[in-house]
Amino acid sequence: MRVLVIHGPNLNLLGEREPEIYGTLTLDEINRRIRDEAAELGIEVRCFQSNSEGAIIDAIHGARREADAIIINPGAYTHYSVAIRDALAAVALPAIEVHLSNVHAREEFRRHSVIAPVVRGQIVGLGVQGYLLALRGLKALAQE
Ligand code: DQA
């Protein structure tokens, strides 16, 4: 099984960005945890980060040939990017939306996700564990 993990805008600053909300792990450390978990589960994983909507859409399109499933933290694009939602709907791969923080316990605008209707499920508020659980979930779903 091949999984593409997509980290959206501002997540390259993890570790220094609002650590009281997003924790102190850097994106490299998070990706290392993801790779370790994937190796244990026998999943081939590729991690990708971009601050640009178009690059994220291109990565989703590329997943048509290169991946069997997607894990995506779309960052702030979660709340308004119809283009990323349409890309996920177009490729129709099983996808899980992950948020490090509990978006429901924060500002009102973070409660709405335009991505949620086109993904298999969401994991929010569990920090790095959200990505690891998403890997496990995708594997279990594939084996059902
Ligand atoms: C986030 C939540 C978003 O609202 C925010 O814009 C982010 C990070 C999270 O992982 O908690 O950039 O997706």
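Please refer to the structure placed before this passage.
First, a word on what this report is: a plain description of the structure on this page. Just so you know, these numbers come straight off a predicted model, no measurement behind them.

Considering the overall build of the chain
Then, number 1: The helix and strand tally for the chain stands at five helices and five strands.
Then, number 2: What you see in the chain, going N to C, is helices and strands ordered as β-α-α-β-α-β-α-β-β-α.
Then, number 3: Computed over C-alpha atoms, the radius of gyration of the chain comes to 14 Å, within 12% of the 15 Å expected from 2.2 N^0.38 for 144 residues, which places it in the range of a compact globule.
Then, number 4: Viewed in the frame of its principal axes, the chain has a C-alpha envelope of about 35 × 30 × 25 Å.

Let's talk about the pattern of salt bridges
Then, number 1: Considering all chains together, one arrives at five salt bridges under this definition.
Then, number 2: The salt bridge involving Glu 107 is made with Arg 110; its shortest N-O contact spans 2.7 Å.
Then, number 3: The partly exposed category is assigned to Glu 107, whose relative accessible area is 35%.
Then, number 4: Arg 110 sits in the buried class, given a relative accessible area of 16%.
Then, number 5: One salt-bridge network, held together by shared partners, links Arg 106, Glu 107 and Arg 110.

With respect to the packing of helix 2 (residues 27–41) against helix 5 (residues 129–143)
Then, number 1: Relative orientation of the contacting elements helix 2 and helix 5 amounts to 25 degrees, with a least axis distance of 9 Å. Classified by the angle between their axes, helix 2 and helix 5 sit roughly parallel to one another. Two packed elements cross with a definite hand, and for helix 2 against helix 5 that hand is right-handed. Two secondary-structure elements touch here, helix 2 through Ile 30, Arg 33, Ile 34, Glu 37, Ala 38, Glu 40 and Leu 41 and helix 5 through Gln 129, Tyr 131, Leu 132, Leu 135, Arg 136 and Lys 139.
Then, number 2: Considering only residue class, the contact of helix 2 with helix 5 consists of seven nonpolar, one polar and five charged.

Conventions used here
- Residues numbered from 1 in each chain as written.
- Predicted model: local features only at pLDDT ≥ 70, side-chain atom pairs only at ≥ 80, totals over all residues.
- Heavy atoms only, no water.
- Helix = DSSP H or I, 4+ residues; strand = E, 2+ residues; numbered from the N terminus.
- Rg over C-alpha atoms; globule rule 2.2 N^0.38 Å.
- Salt bridge = Lys/Arg side-chain N within 4 Å of Asp/Glu carboxyl O.
- Buried < 20%, exposed > 50% of the residue type's maximum accessible area, 1.4 Å probe, protein only.
- Axes fitted to C-alpha atoms, helices over the stretch in contact; angles between N-to-C directions.
- Parallel < 35°, antiparallel > 145°, perpendicular 65-115°, else oblique.
- Left-handed = near helix turned anticlockwise from the far one by under 90°.
- Contact = heavy atoms within 4.5 Å.
- Nonpolar A, V, L, I, M, F, W, Y, C, P; charged D, E, K, R; others polar.

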